[in-house]
Amino acid sequence: MRFIFKTKYSQDINIAKHNGDRFWYSLLILIMAALPLVLDDFYLGEISYICILSIAGIGLMILSGYTGLASLGHAAFLGVGAYTHAFLLTNGVPFYASIPIVIVVSFLVGAVIGIPILRLTGMYLAIATLALGFIAEHVFIKWEHFTGGNRGLPVPQPEFLGMSFYDSVFFYYVCLVFLIAAMFAAINILRSPTGRAFVAIRDSEIAAQSLGVNLGLYKALSFAISGAFTGLAGALLAHYIGYLAPDIFNIFLSLTLLLLIVVGGMGSLHGTVFGAIFVGFLPQLIAICRDYLPSSIGSQPGLEPMLFGLILVFFILYEPLGIYGRWIKIKLFFELFPTYKRQTFKKQKVFTKSDRV
Amino acid sequence: MSLFEVKNITVAFGGVKALNDVSFDVDKGEIFTIIGPNGAGKSTLFNVISRIYEPSKGEIYFENKNISKTKPHNISKLGIARTFQNLELFENATVLQNLLLGRHIYKKTNILSEVFFTPSARKQEHEYRLKVEEVIDFLDLQHYRDTLINGLPYGVRKNVELARALCTDPKLLLLDEPSSGLTNEETIDLGFWIKDIQSLLGITIIMIEHDMSFVNKVSDRILALNYGKILASGLPEEIKNNVDVKQAYMGE
Amino acid sequence: MQLIQLIIDGVASGCIYGLVALGFVLIYKATETINFAQGDILMLGAFVAYSLIGLMGMDYLTGFALTVLIIAVFGFFLDAVVVRQIIGQPAFATVMLTIGLGFIFRGFASIYWGTDIFSFSTPFSGKITEFNGLIISYVNLSIIAGTAILMSALYFFFTFSKIGVAMRASSENQLAAYYMGIPVKFIFSLIWSISAGVAAVAGVLLAPITLVDTSISLIGLKAFAAAVLGGFGSIPGAIVGGIIIGIVEQLCGTYENYLFEGVREISAYLVLILTLIIYPRGLFSDKAEVKKV
Ligand SMILES: Nc1ncnc2c1ncn2[C@@H]1O[C@H](COP(=O)(O)OP(=O)(O)OP(=O)(O)O)[C@@H](O)[C@H]1O
Ligand SMILES: [Mg+2]
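Calculation criteria
- Residues numbered from 1 in each chain as written.
- Chains lettered and ligands numbered in written order.
- Predicted model: local features only at pLDDT ≥ 70, side-chain atom pairs only at ≥ 80, totals over all residues.
- Heavy atoms only, no water.
- Helix = DSSP H or I, 4+ residues; strand = E, 2+ residues; numbered from the N terminus.
- Rg over C-alpha atoms; globule rule 2.2 N^0.38 Å.
- Contact = heavy atoms within 4.5 Å.
- Areas by Shrake-Rupley, 256 points an atom, 1.4 Å probe, with all protein chains shown as cover.
- Lys, Arg positive; Asp, Glu negative; His and termini not counted.
- Charge placed at Lys NZ, Arg CZ, Asp CG, Glu CD.
- Donors = N, O, S within 2.8 Å, 3.2 Å for Na, K, Ca; no water.
- Buried < 20%, exposed > 50% of the residue type's maximum accessible area, 1.4 Å probe, protein only.
- Expected span 1.5 Å × (residues − 1).
- Axes fitted to C-alpha atoms, helices over the stretch in contact; angles between N-to-C directions.
- Parallel < 35°, antiparallel > 145°, perpendicular 65-115°, else oblique.
- Left-handed = near helix turned anticlockwise from the far one by under 90°.
- Nonpolar A, V, L, I, M, F, W, Y, C, P; charged D, E, K, R; others polar.
- Pairing = 2+ DSSP bridges.
- Buried area = accessible area lost by both parts, 1.4 Å probe.
- Salt bridge = Lys/Arg side-chain N within 4 Å of Asp/Glu carboxyl O.

*Asks:* I would appreciate a short explanation of the overall build of chain A in the present structure.
*Replies:* When its secondary structure is counted, chain A shows 17 helices and four strands. Relative to the globule expectation of 21 Å for 357 residues, the C-alpha radius of gyration of chain A, 21 Å, shows essentially globular dimensions. With respect to the three principal axes, the spread of C-alpha positions in chain A is 60 × 55 × 50 Å. Contacts in chain A between residues at least 24 apart in sequence constitute 75% of all its contacts with a sequence separation of at least 6. For chain A, the accessible area works out to roughly 16000 Å², and carbon and sulfur atoms hold 68% of it. Between the averaged position of the 23 positive side-chain charges in chain A and that of its 17 negative side-chain charges there is a distance of 16 Å.

The structure is reproduced here in C-alpha cells:
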C-alpha cells in the first residue's frame, strides 16, 4: 500500500496526485501514440471507434454518473452532433471551425431541452428522456432539408492539416487527441465547484440546495455539458461511419451508451474507457458466443438482445461498481496481500433511508 | 435589535397544522434552543426557514429583511447555514469534497474557466481550501480528509455536517438535534464546540435538542413547542420550572 | 360520423395502453420503481397464448386464462427472485435492471418462438357489426369489454378482499403495514404478479390486431404516456390516460395533413412531454405531497 505524503494543498488540486500517476499515464499515452506502428487498419479503426465511444461515455457519465440524472435518449445528442457536423462540412465550413460550432450547438440543445424537463425527478426524467429520444429520431427522419431524411446524408471527408480522414492512421490520431482533450476537460470540470455541485445534487438535493446550489441551473448545466461532449463524439462518429442514416441514432444506441457507463463503473471517468472497450468489442464477443453455442441457438438473431440484457442485469445485480470498481478491488487485493479483507468494500448499510414521503 | 425574527408562521400538511401561529425572535450572538416532544413541529420550523416548506401564513425576517420569498438556494448566501436531523451528507464523496461544497456560495469562476482550469480557478480552490482547513482544525477532522462519508462512523458524520455548515461562514447556524446519536464523550465535545462557535466565531445559533441537561448547559434562551404551538419561552431556569412544559413531557 | 368511428377505434387501442399503464402504476405505487419491461411481459403473454391456442389448439377462453395464470406466476417470481434484490438502490439501478430484463425477454422470445409474425384464431377475428353506419369490429369490442371486466374485478379486489386491502395499505405506508403484521415483501411480489397478469390480458386481447411478434413490446413505451397523463398514481387515471392517448393517436393519424407528416407515430411521446412540462402531476394525481426532510 502506498502512503502519499502531502505537503501542499496544490497536491490535492492537481490531476496527478504523485509522480507514479504521472509516469503511468504518460506511458499509456505514449503506447497509444505508438499503436499505429504495430496495428493494422482494422484494429486502428476499432480503437478509433472506442475513443469516440469513450467521449460519448464521458458525456453520459457526467450526467448520470456524477449528477445522478438518467438519460435514456442520449443517442439524440450523437445525432445532433453528427448531423450538424455533416451539414456544416457539406456547406464548406472547414473541420477546425465546424467542431467548435458542433460543441456549442449541442451544448445549447442540451440546455434548451434540459431546462423544462429537469424539474422532473428520477423515474419521470428517465421516461421523459426516452420520449425525447424517440422524438429526436423522428425529427432526423422528417427534417430532410437538414438531414437528408431516410435517404441519408453522406459525410464529406475534407482535408485537415493537409491529411485526409480516409487515412485510418490520421483519423486514429484525431480521435485520440480529442479523447485526451475531452478527458482533461471533464477532469477539470469535476475538480471545480461546478463538478462538486453535480456530485452534491446526486447525493442529496436538499443539502445541495441549502448550501447554495441552484438545482435547476446546475441540472440544466449538467445536461448541456453532457450534450456538448456527446455532440463532439457524434461529429467524430459521422466521419467514422461516413454516411448518416436516421435509424443509427435509435434507442438501442442510447441504451448501449448506458450499458457502457454501467459496465465501466458509475461515477468514474476511468470507467468510461473500460466501458467503451467493452462495448466496442461486444460484437466480437457475441460472434465468439455464436461459435461456441450449438448452432440452433448460435444462429439466432435473438442472441444479441439476450446477451445485452444478461450483461446489464449481471452488472446491476452483482457488479454495481462496474469494471473500474472490480479493478480497484483487485489492485487493492495485491497491494494488501495477504491481509486483504473482504469487508473493506462492504458498504455500511446502517444509515440507509428511503425517498418516501 | 434582533438578528432573526419569525412572525405568525403557520404550516399545514393536509389537515394537520405542523406549526400554528408561531412567533419569536433571536438576538445576535445568542444560543437559542427549541425543545418539544416528537412531532411538535421543530424540524418543520427549520424547513420553513430554509424555504423547503412553504408556510401558509406568516413571515420570516433576517437582518430586518423579509426572507419569506427568497429562493431556497439563496438562503445560505444571506448567511444562514444548517444541519439536518437525518444527516444529508454527500455520501459518495470524501469529507474534503463535502466541506469544499460549503464554499460553493463564494464561487466566482464560470464554466469556461473551469474547463480550462485557469489560474483563477486554481487560486479559488486554494482559497476554499484555506478556509476548509481552518474548520477541519477547529472540529478535529484531520484524520478524515480523504475518507468517503459512507465509511465513517455516525458521530464523525454529524461532525462533518456541522463542519460543512461552518465552511459557509454563516451568521446564523441552525442545528437540528446535534447531539442525537452521539456518545457521552462526543456530546461533551459538542457542548464545547457550540460554545466556541458562539464566542470565538461570533455565530448566532438556533438549535433543536432533546437532551435537557445539554440544553440547559449551553442555551441562553429556550422555546418550547407542542403540537405546533408555543408552550413557553424564556431563560433555562424559567423553562425548567414551567408547569405546561413539564406536563407536555410527562404526558408523553 | 367519421369522428365517432375514430373515437371508437381510439378507445379500443387506448384500453390496451391503459392496461399496460395500469401495470406501471400498481408497481410504482407500491415500490416506487418503474418496470420498464412491462411491454415485454405483454409480448410474452401474446406468445404464450399463441403457443397454447395457436399451436396446441386449446380453446380460446381456457388458453386465455392459462396464459394469464402463467404470466402472473412468472411476474411473482420475477420480483421475488430478481427485482427484490435491488430494493433501496437509486432509481437508476431499477431502470437499468428492468430494461435489461426486457432485453432478455425479447431475446428469449425470438430464440424460442422465432422472428416470424404469428397469429392465432379467436372467436372475434374478422367479425364486425354495423350500428347506425358505424363499423365496429368484434376485436375492438372484446378489448373494451375485457378492460371493463378487468377493471371491475380489480376494483372489487382492492376494495373488498382482505389481501387487496393489505396491498393498498402496503402501498400507502410500507413501515406501518409491516408493523401491522402484513408480509410486505410477499405483497409486493403479488403486486408484480397482478401487473404481469394485467399485461398478459392486454397482450392476448391485442394479438388479433397487431399479430404476435417481438415488436409489440414497444407498446410498453407508449403506455408511459398514458400513465403519466393519468398521474402515475391512479388506477382509473391510467385507463383514462390510455384512452386519451389512443384517441389522440387516431386523430393525429387522420388529420396528419393539417399537422405535420408522421405526427401519429410520435403523438404519444409529444403528449407525454407536454404533460410533464405543463402539468407534471397528471390528471388524476393525489394531492401534491411535500417531501419530508
Ligand atoms: N413533508 C411532510 N408531509 C406531511 N407531514 C409532515 C411533513 N413534514 C412534517 N410533517 C408532520 O408535521 C408534524 C411535525 O413534524 P416535525 O418533523 O417538524 O416534528 P419534530 O418536532 O421535528 O419531531 P422530532 O422530534 O421527531 O424530530 C408531524 O406530525 C409530521 O408528521
Ligand atoms: Mg425533527
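The discussion continues.
*Asks:* What should I look at first to understand the coordination of the magnesium ion (ligand 2) in this one?
*Replies:* Ideal coordination angles are 109.5 degrees for a metal with four donors arranged tetrahedrally and 90 or 180 degrees for a metal with six donors arranged octahedrally. Residue and element names in this part refer to chain B. Here the magnesium ion (ligand 2) is held by the protein donor atoms Ser 43 (OG) and Gln 85 (OE1), which lie 1.9 to 2.0 Å from it. Separated by 42 residues along the polypeptide, Ser 43 in helix H1 (residues 42–49) and Gln 85 in the loop between strand E6 (80–82) and helix H3 (95–101) bring together distant segments of the chain. Since its relative accessible area comes to 15%, Ser 43 is described here as buried.

*Asks:* Looking at this model, I keep getting lost on helix H5 (residues 119–138) of chain B. Mind explaining?
*Replies:* The end-to-end C-alpha distance of H5 of chain B, which contains 20 residues, comes to 29 Å, matching closely the 28 Å that a straight helix rising 1.5 Å per residue would cover. For H5 of chain B, the complete set of buried residues consists of Ala 121, Gln 124, Glu 125, Tyr 128, Arg 129, Lys 131, Val 132, Glu 133, Val 135 and Ile 136 of chain B. Those residues of H5 of chain B that are buried lie in contact with helix H1 (9–13) and helix H9 (193–203) of chain A together with H3, helix H4 (111–115) and helix H6 (154–167) of chain B. Asp 140 of chain B sits one or two positions beyond H5 of chain B and adopts a positive phi of about 55 degrees.

*Asks:* What am I meant to see in the packing of helix H4 (residues 75–90) of chain A against helix H11 (residues 215–241) of chain A here?
*Replies:* Any two packed helices are characterised by how steeply their axes cross, that is the angle between the axes, and by the distance between the axes. All names here are of chain A. It is at 6 Å that the axes of H4 and H11 come closest, and there the two elements cross at 55 degrees. Here H4 lies oblique to H11, going by the angle between them. Helix-helix and strand crossings are classified by hand; for H4 and H11 the assignment is right-handed. On H11, the residues touching Phe 77, Leu 78, Gly 81, Ala 82, His 85 and Leu 89 of H4 are Phe 223, Gly 227, Thr 230, Gly 231, Ala 233, Gly 234, Ala 235, Leu 237, Ala 238 and His 239. Looking at the contact of H4 with H11 residue by residue, the classes come out as nine nonpolar, seven polar and no charged.

*Asks:* In this structure, what is going on with the packing of helix H12 (residues 251–264) of chain A against helix H4 (residues 91–112) of chain C? I would like to understand it.
*Replies:* Put simply, H12 of chain A and H4 of chain C touch, their axes get as near as 12 Å, and they point 125 degrees apart. Here H12 of chain A is positioned oblique relative to H4 of chain C, judged by the angle of their axes. Of the two possible hands of crossing, H12 of chain A and H4 of chain C adopt the one that is left-handed. Facing H12 of chain A, whose interface residues are Phe 252, Leu 255, Leu 258, Leu 259, Ile 261 and Val 262 of chain A, H4 of chain C presents Phe 92, Met 96, Ile 99 and Phe 103 of chain C.

*Asks:* Looking at this structure, how should I read the sheet that holds strand E1 (residues 2–13) of chain B?
*Replies:* What holds strands together in a sheet is hydrogen bonding between their backbones, with the strands either parallel or antiparallel. All names here are of chain B. With antiparallel pairing, four strands are arranged side by side in an open sheet as E2-E1-E4-E5. In this open sheet, the two strands that pair with only one neighbour each are strand E2 (16–27) and strand E5 (65–66). Pairing analysis gives five bridges linking E1 to strand E4 (residues 57–62), with the strands arranged antiparallel. Bridged to Phe 4 within E4 is Phe 62. Of the strands in this sheet, E1, E2 and E4 are in contact with H1, which crosses E1 at around 115 degrees.

*Asks:* How should the sheet that holds strand E9 (residues 221–226) of chain B be read in this particular structure?
*Replies:* All names here are of chain B. Overall, mixed pairing links the six strands, which are arranged E6-E7-E8-E3-E9-E10 in an open sheet. Single-partner strands in this sheet number two, and they are E6 and strand E10 (229–234). Here the average twist between neighbouring strands, direction ignored, is 15 degrees. Relative to strand E8 (residues 204–208), strand E3 (residues 31–35) runs parallel, the two sharing four bridges. Its bridge partner lying in E8, Thr 33 is registered against Met 207.

*Asks:* Is there a simple way to explain the interface of chain C and chain A in this structure?
*Replies:* Frequently, the measure chosen for interface size is the accessible area removed from exposure when the parts meet. Taken together, the contacts link 51 residues of chain C with 45 residues of chain A. Counting each side, the surface lost to burial between chain C and chain A is near 4200 Å², with a carbon and sulfur contribution of 79%. Of all residues in chain C, the largest losses of buried area upon contact with chain A belong to Phe 92, Phe 103 and Ile 111 of chain C, amounting jointly to 17% of the total for that side. Applying the counting criterion to the chain C and chain A interface returns zero salt bridges.

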